[in-house]
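Given next are the chains, with one letter for each unit.
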Amino acid sequence: MALTKVRGSGITGMTISANNEITMPSQPAFLAHGSGSQDDMTAGSTATVVLSTEVYDQNNDFASNTFTAPVDGKYFLVFTSLFTDTPTDCTEIEIRINTSNRIYRLFFDPSRQLSAAGSVSLSLSTVADMDSSDTAIIQVTPANGSSTINIHHYTFFSGCLLA
């Protein structure tokens, strides 16, 4: 027998199954990705990553490339992307999960990994302390390099409320 807790609005807030599995259909969780490549990012310029396709958005908290925390809490946020046409003289790619409270950064030197212009896959994750109405976006800055880099459409941003 399952136990269901219904909020005053008639929406199920939590269900505990007979096996003690808990589901919370209104718990914030999202997964978004690009619908196409984001091309021609130039060295020294910062770009907000375009994430125009939602795979799921359980609490309708993701819109216009931005996650907005509905409640205070600790949020697990993950960004992963494939960068293509990376020039060998590009000395750094900076990825940022930029929240209202702080910026979480990853610095990567593709010149140490690539022998020819090519592709590199990078991921950044964090548990972010967010207050209600705080936002999170993804930004990328390539450094140096004689040509541009591209963000492949195999790019994902996801998150969920942990506590």
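See the structure printed just above.
The written sequence of each chain sets the order in which its residues are numbered from 1. Side-chain atom pairs in this predicted model are given and counted only at pLDDT of 80 or more, local residue features only at pLDDT of at least 70, and totals for whole chains, interfaces and linings cover all residues. Side-chain measures were taken over the full set of non-hydrogen atoms in the model, leaving aside hydrogen atoms and water.

S.K.: Would you mind going over the pattern of salt bridges with me for this structure?
M.R.: Opposite charge on two side chains permits them to pair, given that their charged atoms come into close proximity. Between Lys or Arg on one side and Asp or Glu on the other, a salt bridge is scored when a side-chain nitrogen of the former is within 4 Å of a carboxyl oxygen of the latter. Across all of its chains, the model carries 3 salt bridges by this definition. The partner of K74 in a salt bridge is D129, with the nearest N and O atoms 3.4 Å apart. Highlighted residues: K74 in strand β10 (residues 73–86) and D129 in strand β13 (residues 118–130), separated in sequence by 55 residues. Classification of residues uses two cut-offs on accessible area relative to the type maximum, computed with a 1.4 Å probe and protein chains only: under 20% is buried, over 50% is exposed, and between them is partly exposed. Judged by its relative accessible area of 33%, D129 falls in the partly exposed class. Residues R105 and E94 are paired through a salt bridge, measuring 2.7 Å at the closest nitrogen-oxygen approach. Residue R105 is located in strand β12 (residues 103–108), and its partner E94 is located in strand β11 (residues 90–99); the two are separated by 11 residues in the primary sequence. Taking the relative accessible area as the measure of exposure, R105 reaches 45% and is therefore partly exposed. One salt-bridge network, in which partners are shared between bridges, spans E94, R96 and R105. A run of H or I in DSSP becomes a helix once it reaches four residues, and a run of E becomes a strand once it reaches two; helices and strands are each numbered from the N terminus.

S.K.: Got a minute to help me understand the environment of N150 in this structure?
M.R.: Along the chain, the position of N150 falls in strand β15 (residues 149–151). When the C-alpha atoms of N150 and D39 are compared, they prove to be 4.3 Å apart, with 111 residues separating the residues in sequence. In this analysis, two residues are considered to be in contact whenever any of their non-hydrogen atoms come within 4.5 Å of each other. The contact partners of N150, leaving out residues within four places of it in the chain, are Q38, D39, D40, L82, F83, T84 and D85.

S.K.: I tried to follow the pairing of β12 on my own but got confused; where do I start?
M.R.: Regular strands place their side chains on alternate faces of the sheet. Pairing between strands requires that DSSP locate at least two bridges from one strand to the other. For β11 and β12, the ladder comprises 6 bridges, and the chain directions are antiparallel. Residue I95 lies in a different strand from β12, and its bridge partner there is L106. Hairpin connection between β11 and β12: a loop of 3 residues separates the two successive antiparallel strands.

S.K.: Explanation requested: a nonpolar patch on the surface in the structure shown.
M.R.: Residues enter patches when their relative accessible area tops 30% and they take part in no salt bridge; the joining distance is 9 Å for like charges and 5 Å for the nonpolar side chains Val, Leu, Ile, Met, Phe, Trp and Tyr. Areas reported as accessible are Shrake-Rupley estimates using a 1.4 Å probe. Residue values count occlusion only from the protein chains shown. Taken together, M14, I22 and M24 make up a surface patch of nonpolar side chains, about 250 Å² in accessible area. Inspection of the secondary structure puts M14 in strand β2 (residues 12–16). Under the relative-accessibility criterion, M14 is labelled partly exposed at 31%.

Note that all results are geometric; they support no functional claim without further evidence.
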